[in-house]
Amino acid sequence: MNIEIINNIDANIFNEYVSNSTCSSIYQTIQWSEARRKDKWQVEKFILKNEDKIICTAICLYKILPLNLSIFYLPRGPIIDYSDESNKEYFNLLFSQIIKFAKSKNAIFIRSNPDIEKNNLAESWFDDLKFIKNTKPILHTTTFRIDLTKSEDELMNAMESRTKYDIRRAEKEIIKIEIDSGAENDLKEFYTVLKTVSNKNEFPIYNFEQMKELWKIFRPNNMCRIFFTKKDDKIISAAFVFIFGKKVIYQWGGSLNLSKINPNQLLHWEIIKWCKSNKYLIYDFQGVPENPTKDNPLWGIYLFKRGFGGRLVTLSGEYDYVLNKAIYFIWKKIELIYPKLKFLFTRK
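Not measured: the values here are computed from a predicted model.

About the criteria used
- Residues numbered from 1 in each chain as written.
- Predicted model: local features only at pLDDT ≥ 70, side-chain atom pairs only at ≥ 80, totals over all residues.
- Heavy atoms only, no water.
- Helix = DSSP H or I, 4+ residues; strand = E, 2+ residues; numbered from the N terminus.
- Rg over C-alpha atoms; globule rule 2.2 N^0.38 Å.
- Buried < 20%, exposed > 50% of the residue type's maximum accessible area, 1.4 Å probe, protein only.
- Contact = heavy atoms within 4.5 Å.
- Areas by Shrake-Rupley, 256 points an atom, 1.4 Å probe, with all protein chains shown as cover.
- Lys, Arg positive; Asp, Glu negative; His and termini not counted.
- Charge placed at Lys NZ, Arg CZ, Asp CG, Glu CD.
- Pairing = 2+ DSSP bridges.
- Axes fitted to C-alpha atoms, helices over the stretch in contact; angles between N-to-C directions.
- pLDDT = per-residue confidence, 0-100.
- Core = buried A, V, L, I, M, F, W, Y, C linked by side-chain atoms within 4.5 Å.
- Parallel < 35°, antiparallel > 145°, perpendicular 65-115°, else oblique.
- Left-handed = near helix turned anticlockwise from the far one by under 90°.
- Salt bridge = Lys/Arg side-chain N within 4 Å of Asp/Glu carboxyl O.

Chemist: Residues and numbers for the overall build of the protein, please.
Modeler: Looking only at helices and strands, the protein features 11 helices and 14 strands. The C-alpha radius of gyration of the protein comes to 21 Å, within 12% of the 20 Å expected for a compact globule of 348 residues. Considered along the principal axes of its C-alpha atoms, the protein spans approximately 60 × 45 × 40 Å. For the protein, the residues scored as buried account for 52% of the 348 residues in total. Taking the contacts inside the protein whose residues are at least 6 apart along the sequence as the reference set, 72% of them involve residues at least 24 apart. On the protein, roughly 17400 Å² of surface is accessible, and the fraction owed to carbon and sulfur atoms is 50%. With 53 positive and 42 negative side-chain charges, the protein shows a separation of 6 Å between the mean positions of the two kinds.

In structure tokens, the structure reads:
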């Protein structure tokens, strides 16, 4: 067995391994690391091989902070088969190298949140390495996923009655669906929608230059698409999705509320049909709150996504390996209010 830290590796080979994994994620692709590098993150790729066979990988992002400190983040990583108990040895070896490297960069902590369903075996691996499980994770830990191997009739029958009603009503109103042409102007039109929704609901988003960098990296590789709904040639809602392997992931979107009908139900139904026609297997709605009540500010988003009848998936969670306890305590306090502060400072 040999373990090596690699910065230059064929993107197709790396992405193929990630794509074929049971815990694959767009956030562990070469393209995502390139996009984050544009946003002042530094990147290390950790690859563990056994007789030239890749056993596990991790794209590790880290950011240098004042006082020569840093933070380390493995978004939806590492990539390994968490169902195989024998892989714990490889998991430990991989993290021994990551921890060693993080210490050399004076890291405050290392964060990991793999895309795996609640798994006692995987959780025990993190526990044994003395990771702390976050009670208020940054990335969502609950999502709805649509099984695209089902027929359109089966998918429609699984929906809640209100969702089906809104789809049919939008169809009668002759709401048109359009897909981006790959032009930057499509991104600009989408960003207008996203910015309006962000301002209304007070959540932070990337600025347009950051979005443009993502677009330039992912769109030429057919790893993202934008879908629009239009009424009388005016955009009334839009959705940005990532594409990786056999999965399509809803990332951003919303409605301008320029119509009395709900266009987003039809929008996502058409995205689901597009996914099926292109042989994708999963449509992932991404984050929803876990066990929400009606007073939860995300209750409406939960109901909207639940309405499509997908399977509710609860992920294993988010874990921190703490290297500087005193500063980590301060960091966690700041982190709780960071989204609000970011929105206030970036709102225009």
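Chemist: Could you give an account of unusual backbone geometry, with specific residues and numbers?
Modeler: Cis rather than trans, the peptide bond between G77 and P78 has omega equal to 0°. By the secondary structure assignment, P78 is in the loop between strand 4 (70–74) and helix 3 (88–104). Notably, K279 is not glycine yet its phi reads approximately 70°, a positive angle. Structurally, the position occupied by K279 is in the loop between helix 9 (263–277) and strand 12 (282–287). Accessibility expressed as a relative area gives 61% for K279, which makes it exposed.

Chemist: Before we move on, could you go through the sheet that holds strand 11 (residues 247–255) and cite the residues and values that matter?
Modeler: Strand order in the open sheet formed by 7 strands is 8-9-10-11-12-7-13, with mixed pairing between adjacent strands. Looking along the sheet, the strands with just one partner apiece sit at the ends: strand 8 (176–179) and strand 13 (311–314). Averaged over all pairs of adjacent strands, the angle between strand axes in this sheet comes to 30°, irrespective of strand direction. Bridge count between strand 11 and strand 12: 3 bridges; the pairing is parallel. Looking at the pairing, V248 lines up with Y283 of strand 12.

Chemist: Can you lay out the confidence of the model for the protein for me, pointing to particular residues and giving the numbers?
Modeler: Of all residues in the protein, 94% have pLDDT values of 70 or greater, and the mean over the chain is 91. Taken together, the stretch residues 341–345 has pLDDT below 50 and engages in 7 contacts with residues farther than four places along the chain or on a different chain.

Chemist: Hey, could you go over the nonpolar core for me, with residue numbers and the actual values?
Modeler: Nonpolar side chains in soluble globular proteins tend to end up buried together. Core analysis: the largest hydrophobic core is formed by 77 residues, its most contacted members being M211, F218 and F240. In this structure F240 touches L187, F190, M211, W215, C224, R225, I226, I249, Y250, Q251 and W252, once residues within four positions along its chain are discounted. Judged by nonpolar contacts, the second largest core, of 31 residues, contains M156, V248, Y280 and Y283.

Chemist: Requested: an account of the packing of helix 2 (residues 30–38) against helix 8 (residues 208–218), with residues and values cited.
Modeler: Between helix 2 and helix 8, whose axes approach to 10 Å, the crossing angle comes to 150°. Between helix 2 and helix 8, the angle is such that the two are roughly antiparallel. Viewed along their axes, helix 2 and helix 8 form a crossing whose handedness is right-handed. Across the interface between the two elements, Q31, W32, E34, A35 and K38 from helix 2 touch E213, L214, I217 and F218 from helix 8.

Chemist: Give a detailed account of the environment of L256, specifying residues and quantitative values.
Modeler: Mapped onto the elements of the fold, L256 is located in the loop between strand 11 and helix 9. Residue L256 is classed as partly exposed on the basis of its relative accessible area of 21%. Considered as a pair, L256 and K200 are 56 residues apart in the sequence and their alpha carbons are 9.8 Å apart. If near-sequence neighbours (up to four positions away) are discounted, L256 is found in contact with V193, T196, I235 and I236.

Chemist: Any chance you could break down the pattern of salt bridges for me, citing the residues and the numbers?
Modeler: Pairs can form between side chains of opposite charge once their charged atoms are near each other. Scanning all chains against the criterion turns up 19 salt bridges. Residue E335 pairs with R111 through a salt bridge whose shortest N-O separation is 2.7 Å. On the criterion of sequence distance, the pair formed by E335 in helix 11 (residues 325–346) and R111 in strand 5 (residues 107–112) is long-range, its members being 224 residues apart. Across this residue pair, the class does not change: E335 and R111 are buried. A salt bridge links E160 to R306, with the shortest nitrogen-to-oxygen separation between them at 2.7 Å. Within this pair, whereas E160 is found in the loop between helix 5 (152–158) and helix 6 (161–172), its partner R306 is found in helix 10 (residues 299–306), the two being separated by 146 residues in sequence. Among the residues examined, R306 registers a relative accessible area of 30% and is labelled partly exposed.

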